[in-house]
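So you can see what is in the structure, the chains are spelled out below.
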Amino acid sequence: MLDNRATWSDFRSRRPELAVLGIGATEQHGPHLPVGTDLLAVDALARQVAERLNAWLLPPLPVSLSECHGPLGGTVWLKPATLAAVLGDIARSLEEQGVRVLVVINGHGGNFILEPAVEKLNRTLSSLKVLLAPESLALLPGDSPIFATADREVHAGEVETSVVLYLRPDLVRPPRPDGALSVGREFLDYVTMERLNPEGVWGCPGFADAEKGRRAFAARVEAITRYVLDAVQWLAREGHGDSG
Amino acid sequence: MATQGKGSVLPMGTVFTLENTSPEFERVRPEVAILPLAQHEPHGPHLPVGTDDIIVGALAARIAGRLDAAVFLLPVWPVGTSGPHRGQPGTISLEPETLWGVVADIAGSLEVHGIRKLVVINGHGLPTGPGARPWGNPVVKTAVRQLNYEHPSLTAVWLQPFTLAGPALREVFPAGDIHAGDLETSVLLYLTPELVRGTPPDFVPPQPPSYLEFAPFVSLSPTGVWGRPSQASAEKGRLAVEAAVNASVDYIKQTLGFLGQFRPAERREHQHVDPA
């Protein structure tokens, strides 16, 4: 695995063909989680995935589309077109140096522009494919679900809080107020978060614990790794990546 | 991480980072943000491609703590334009307008929070740098200028720490040391010595650095070094970091203080001349 501690010599001799990019965010996460929650989670996740795949781990993006959290403190954001441009420029840089597959791991739920941006890149790039990692967890049949309230969570609830309790318990503070909202998830397309809950929570962080975080993290690493390996194999069979 | 003392009084010089929670930001309301910008590019055979990230991140953290104000220390934005290194293994390049968009968007989002002072650390610079023009990243200068002109209630400044420390450091790091040479090697020997791999030969191309506007770096220096890494030492690195932090803190305090005298400029109506 290569990351930004490696030197030019390392990159020239290793010539990685697979790269992993995590997309984090800097945004409010209620009273109990740090504003860097998305970044710290995707940073750890991308690193594990890159190690499993022996890939080039790019530095994660620390800012993305957090305007949905509007004026709540500690939040900064990019506009959708900017994020799409950043991803496109990164992809072209990688293509220029012989990378064939870029795995994008999205760490912030509001980055909906990624899907069309990735689709467009896959139409326009000639020798690089961009894979958007699935959000799902790799649970085996018979496994009990990890979370009790995931379906009621959009932000800073049981899932996110459990992951931070697993990765950086020192950064989780009391209190952990539940934020039960009766509107649909799409409401963040209409208003910013503080209009729905000024505490910034949409979910049930009271249910969180570190063991759930550990299980979910491992399951996500497994799901992404397997997805990428299967997709790369399929792409090779379909003729992408043939060097002739 | 900014910690809360008893009650609502926090010490001056409080730095807020990504480890803080939103209510902590709300209670104190930082008035200044620092945005550190790095590049991801080859740095010779011996230094990490993340050298700029390491240096700029370390400088930004030290500068933030010395400003006697509540400061939002933003995370280092890790990729820049890296034009001269395009296409090289290990380089990630953004187009100039993309990087401009990143700076402009982040500044705009800070304004929503009432953070009206932004310090952009536009790479680390060089002691022999020209001062009023940034080394290696003029698009950020342009972005900052437009922010100030187009957002009258925002005050944005840019700086390059080693450039500001030029008077103090020029004797220690003479001209000709531009990339992966004495300065960068010394600073890494001070900050992260475990990441420095030996000492490649010194190499100072006869061509002027302006050739980098039209020639790839590797065509001017096949080794990837432009300078004198043989002269590097951790002690020189420590000196460089201290001088750069001191000069940057002075510049920020003086400049923001001076600019604070100006009220937001009133927009002047365009005077249309009737062609008829």
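These numbers were taken from a predicted model, which means no experiment stands behind them. (Residues numbered from 1 in each chain as written. Chains lettered and ligands numbered in written order. Predicted model: local features only at pLDDT ≥ 70, side-chain atom pairs only at ≥ 80, totals over all residues.)

## Notes on the overall build of chain A
Part 1 of the reasoning: A count of helices and strands for chain A gives seven helices and four strands.
Part 2 of the reasoning: N-terminal to C-terminal, the α/β element order of chain A is α-β-α-β-α-β-α-β-α-α-α.
Part 3 of the reasoning: Its C-alpha atoms give chain A a radius of gyration of 18 Å, near enough to 18 Å, the size a compact globule of 244 residues would have.
Part 4 of the reasoning: Counting only C-alpha atoms and orienting by the principal axes, one finds that chain A spans roughly 60 × 40 × 35 Å.
Part 5 of the reasoning: Here chain A, with 244 residues, has 54% of them falling under the buried criterion.
Part 6 of the reasoning: Considering only intrachain contacts with a sequence separation of at least 6, the fraction spanning at least 24 residues in chain A is 77%. (Helix = DSSP H or I, 4+ residues; strand = E, 2+ residues; numbered from the N terminus. Rg over C-alpha atoms; globule rule 2.2 N^0.38 Å. Buried ≥ 20, exposed ≤ 12 C-beta atoms within 10 Å, placed from the backbone. Contact = placed C-beta atoms within 7 Å.)

## Remarks on helix H3 (residues 80–96) of chain A
Part 1 of the reasoning: Counted at 1.5 Å a residue, the expected span for H3 of chain A with its 17 residues is 24 Å, and the 24 Å between its end C-alpha atoms agrees.
Part 2 of the reasoning: For H3 of chain A, the set of buried residues is Thr82, Leu83, Ala84, Ala85, Val86, Leu87, Gly88, Ile90, Ala91, Ser93 and Leu94 of chain A.
Part 3 of the reasoning: Packing partners of the buried residues in H3 of chain A comprise strand S1 (18–23), strand S3 (101–106), helix H4 (114–124) and strand S4 (129–132) of chain A together with helix H3 (96–112) of chain B.
Part 4 of the reasoning: Where H3 of chain A terminates, the next one or two residues include Gly98 of chain A, which has phi positive at roughly 90°. (Expected span 1.5 Å × (residues − 1).)

## Focus on the interface of chain B and chain A
Part 1 of the reasoning: Opposite the 46 residues of chain B that make contact, chain A presents 45 residues.
Part 2 of the reasoning: Among the elements of the structure, helix H1 (22–28) and H3 of chain B are those that each provide at least two residues to the side of chain B that touches chain A.
Part 3 of the reasoning: Residue classes in the side of chain B that touches chain A are distributed as 21 nonpolar, 18 polar and seven charged. (Nonpolar A, V, L, I, M, F, W, Y, C, P; charged D, E, K, R; others polar.)

## Regarding the packing of helix H2 (residues 51–64) of chain B against helix H7 (residues 182–191) of chain B
When two helices pack together, their arrangement is captured by the angle between the axes and the distance separating the axes.
Residues and elements named next belong to chain B.
Part 1 of the reasoning: Between H2 and H7, whose axes approach to 11 Å, the crossing angle comes to 65°. By the criterion of interaxial angle, the relationship of H2 to H7 is roughly perpendicular. Remark: the crossing between H2 and H7 carries left-handed chirality. From H2, Thr51, Ile54, Ile55 and Ala58 reach across to H7, where they touch Glu184, Val187, Leu188 and Leu191.
Part 2 of the reasoning: Residues of the contact of H2 with H7, tallied by class, amount to six nonpolar, one polar and one charged. (Axes fitted to C-alpha atoms, helices over the stretch in contact; angles between N-to-C directions. Parallel < 35°, antiparallel > 145°, perpendicular 65-115°, else oblique. Left-handed = near helix turned anticlockwise from the far one by under 90°.)

## A word on the sheet that holds S1 of chain A
Part 1 of the reasoning: If you walk across this open sheet you meet the four strands as S2-S1-S3-S4 (chain A), and the pairing is parallel. The outermost strands of the open sheet, each flanked by one partner alone, are strand S2 (56–57) and S4 of chain A. (Pairing = 2+ DSSP bridges.)

## A closer look at the sheet that holds strand S4 (residues 117–122) of chain B
Residues and elements named next belong to chain B.
Part 1 of the reasoning: The strand order S1-S3-S2-S4-S5 describes an open sheet built from five strands, whose pairing is parallel. Of all the strands in the sheet, just strand S1 (15–16) and strand S5 (155–159) have a single pairing partner and so form its edges.
Part 2 of the reasoning: Here S1 runs beside strand S3 (residues 71–73); their pairing, made up of two bridges, is parallel. Paired with Val15 across the strands is Val71, a residue of S3.
Part 3 of the reasoning: Lying over the sheet, H3 contacts strand S2 (32–37), S4 and S5, oriented at roughly 155° with respect to S4.
Part 4 of the reasoning: Across the sheet, helix H4 (residues 138–150) lies against S2, S4 and S5, angled at about 165° from S5, the strand it touches most.

## Focus on unusual backbone geometry
Part 1 of the reasoning: Here the amide bond leading from Pro174 of chain A into Pro175 of chain A is cis, since omega sits at -5°, within 30 degrees of zero.
Part 2 of the reasoning: Relative to the helices and strands, Pro175 of chain A resides in the loop between helix H5 (158–167) and helix H6 (193–196).
Part 3 of the reasoning: Here Ala180 of chain B, not a glycine, exhibits a phi torsion of approximately 60°, which is positive.
Part 4 of the reasoning: With respect to the helices and strands, the residue Ala180 of chain B is situated in the loop between helix H6 (166–169) and H7.

## Observations regarding the pairing of S4 of chain A
Residues and elements named next belong to chain A.
Part 1 of the reasoning: Pairing analysis gives four bridges linking S3 to S4, with the strands arranged parallel. Pairing of Val101 across the sheet is with Lys129, part of S4.
Part 2 of the reasoning: Each parallel crossover has a hand, and the one from S3 via H4 to S4 is right-handed. (Right-handed = clockwise from strand over helix to strand, strands pointing away.)

## What to know about the environment of Ala210 of chain A
Residues and elements named next belong to chain A.
Part 1 of the reasoning: When you line up the elements, Ala210 lands in helix H7 (residues 210–237).
Part 2 of the reasoning: According to the C-beta neighbour criterion, Ala210 is partly exposed, with 16 such atoms within 10 Å.
Part 3 of the reasoning: Ala210 sits 26 residues away from Ala236 along the chain, and the two C-alpha atoms are 39 Å apart.
Part 4 of the reasoning: Apart from residues lying up to four places away in sequence, Ala210 is in contact with Ser162, Leu165, Tyr166 and Pro169.

## Topic: the nonpolar core
Part 1 of the reasoning: Counting residues in hydrophobic clusters, the biggest one holds 155 residues, and the most contacted among them are Val20, Leu102, Val104 and Ile105 of chain A together with Ile34 and Val120 of chain B.
Part 2 of the reasoning: Per element, the largest residue contribution to this core is nine residues, and it comes from helix H2 (residues 37–53) of chain A.
Part 3 of the reasoning: Sequence-distant contacts of Val120 of chain B, defined by excluding residues within four places in its chain, comprise Leu35, Leu37, Val103, Val140, Val144, Ala156 and Trp158 of chain B. (Core = buried A, V, L, I, M, F, W, Y, C linked by C-beta atoms within 7 Å.)

## Some points on H4 of chain B
Along an α-helix, residues three or four apart share an orientation, since each turn contains 3.6 residues.
Residue and element names in this part refer to chain B.
Part 1 of the reasoning: Over its 13 residues, H4 extends 18 Å from the first C-alpha to the last, a length consistent with the 18 Å expected when each residue adds 1.5 Å.
Part 2 of the reasoning: Among the residues of H4, those classed as buried are Val139, Val140, Ala143, Val144 and Leu147. Along the axis of H4, the buried positions cluster into a sector of 140°, meaning they face one direction only. Facing away from the buried surface of H4 by more than 90 degrees, the exposed residues are Arg145 and Tyr149.
Part 3 of the reasoning: Check the buried side of H4 and you find it contacts S2, H3, S4 and S5. (Arc of directions from axis to C-beta.)

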